[in-house]
Amino acid sequence: MAANRSTHPLLRVVSTLILAITAMTLSVATAHADPRPTNYSVDLRPDRSTGDADPARGPAISVLLADGQLLFRLGMQAAIAGQPDMACVAEVSDGRAAVREIQRLRPDVAFIDLDLPGLTDAGPIDAATTRILALATEHTDENLYRALQLGATGFLARSAPVDDLLAAVRTAVHGAALIDPVLTRQLITRLSAGSEPFPATPEVETLTPREHQVLRFIAKGYTNPEIARALGIGGQTVKTHVSHVLTKLGVRDRIHAAVYAHTRRIGPIET
């Protein structure tokens with residue numbers, strides 16, 4: 001009996017080592033058999049069968065990130081991954097992809113950069129099934145107007161602390177608005193008075209007729225070669241006109257020129 005008792009600890013150690021080696025082997029095999037996707041546009045939804053969400057809390061809040069800056073998307077994706085009640089289902093870098101992925105995935109919440117390339121021509125976003133949190137560099141009437149046009153639940157600064165952005169997700173998914181009611185009332189008052197929310201500024205009057213045409217084409221998402229063909233002028237001439245338009249309007253790129261044209265309701269293209 002004494003001999004048998006003395007061998008039991010040794011047997012337990014051997015058994016433990018065998019189990020550890022077996023588990024490690026299975027883990028390595030699984031890692032090689034299931035590589036992570038490399039394309040950001042693929043479905044990033046976690047496998048619900050793995051129990052990633054706390055059953056007591058219910059399913060994780062699904063979040064889509066639509067922002068033009070890669071570092072912002074990666075940072076927010078990492079922050080969301082650290083939350084027990086959230087999951088990032090996709091992250092995209094242009095407006096058309098944002099609308100497409102929202103329609104496909106139906107996330108609970110979507111962060112939408114108001115300056116996202118292609119957003120003005122991307123079509124309507126279904127805000128009935130997805131809560132939209134609009135991101136802007138500045139809290140201006142113009143940006144608020146654009147956020148409301150998207151059907152946004154929230155209007156947030158892109159520079160807000162990560163904890164505030166995560167808190168906004170939880171607030172939005174429970175149906176609460178994150179738009180300052182005072183700012184909204186002021187904007188509604190301007191609209192109800194029949195005035196244009198963003199009337200043409202004196203800068204527009206400095207544009208030549210040709211520059212007006214170029215601006216309208218920019219607002220429609222035309223590239224420089226497409227503008228050149230439409231107007232029957234050279235590519236270098238188009239570049240010069242675009243440069244003059246940006247300088248006169250005081251905007252930094254053609255995306256902001258397009259936003260300027262849409263919010264000021266600059267008229268239809270005339271060729």
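This text follows the structure it describes.
Draft legend 1. Examining the sheet that holds strand E2 (residues 86-92) more closely. Taken in spatial order, the five strands make up an open sheet running E2-E1-E3-E4-E5, and their pairing is parallel. Looking along the sheet, the strands with just one partner apiece sit at the ends: E2 and strand E5 (154-157). Sheet twist, expressed as the average angle between the axes of neighbouring strands with direction ignored, equals 25°. Sheet topology places strand E3 (residues 109-113) next to strand E4 (residues 131-136); five bridges connect them, and they run parallel. The residue of E4 that forms the bridge with Ile112 is Ala134. Sheet strands touched by helix H3 (residues 95-105): strand E1 (61-66), E2, E3 and E4. Its angle to E2, the strand with the most contacts, is close to 140°.

Draft legend 2. Spotlight on helix H11 (residues 254-263). By the criterion of burial, H11 is predominantly enclosed, with seven of the 10 residues buried. Listing the buried residues of H11 in full gives His256, Ala257, Ala258, Val259, Tyr260, Ala261 and Thr263. If you follow the buried residues of H11, they end up packed against helix H4 (141-150), helix H7 (202-205), helix H8 (209-219) and helix H10 (235-249).

Draft legend 3. Summary view of the packing of helix H2 (residues 70-81) against helix H5 (residues 162-173). Two elements in contact, H2 and H5, have axes whose closest approach is 11 Å; the angle formed by their N-to-C orientations is 65°. Our classification of the angle between H2 and H5 gives roughly perpendicular. For the element pair H2 and H5, the recorded crossing hand is right-handed. When H2 is examined against H5, the residues Phe72, Met76, Ala79 and Ile80 are found in contact with a partner set consisting of Val162, Leu165 and Leu166. The class makeup of the residues in the contact of H2 with H5 is seven nonpolar, no polar and no charged.

Draft legend 4. A look at the pairing of E5. Pairing analysis gives four bridges linking E4 to E5, with the strands arranged parallel. Bridged to Leu135 within E5 is Leu156. At this point the chain moves from E4, through H4, to the parallel E5, and the crossover so formed is right-handed.

Draft legend 5. Layout of the nonpolar core. Residues Leu64, Ile112 and Ile125 are the most contacted members of the largest nonpolar core, which totals 28 residues. Within the residue set of this core, elements represented by two or more residues are E1, E2, H3, E3, E4 and H4. Tallying contributions element by element places H3 first for this core, with five residues. Sequence-distant contacts of Ile112, defined by excluding residues within four places in its chain, comprise Ala66, Ala98, Ile102, Leu119, Ile125, Ile132, Leu133, Ala134, Leu135 and Leu150. One finds Leu207, Leu231, Val242 and Val251 within the second-largest nonpolar core, a separate group that totals 20 residues.

Draft legend 6. Structural view of the environment of Val251. Within the secondary structure layout, Val251 lies in the loop between H10 and H11. Setting aside residues no more than four positions away along its own chain, Val251 makes contact with Leu246, His256, Ala257 and Tyr260.

Calculation rules
- Residues numbered from 1 in each chain as written.
- Predicted model: local features only at pLDDT ≥ 70, side-chain atom pairs only at ≥ 80, totals over all residues.
- Heavy atoms only, no water.
- Pairing = 2+ DSSP bridges.
- Helix = DSSP H or I, 4+ residues; strand = E, 2+ residues; numbered from the N terminus.
- Axes fitted to C-alpha atoms, helices over the stretch in contact; angles between N-to-C directions.
- Contact = heavy atoms within 4.5 Å.
- Buried < 20%, exposed > 50% of the residue type's maximum accessible area, 1.4 Å probe, protein only.
- Parallel < 35°, antiparallel > 145°, perpendicular 65-115°, else oblique.
- Left-handed = near helix turned anticlockwise from the far one by under 90°.
- Nonpolar A, V, L, I, M, F, W, Y, C, P; charged D, E, K, R; others polar.
- Right-handed = clockwise from strand over helix to strand, strands pointing away.
- Core = buried A, V, L, I, M, F, W, Y, C linked by side-chain atoms within 4.5 Å.

Functional significance is not addressed by these values, which are geometric in nature.
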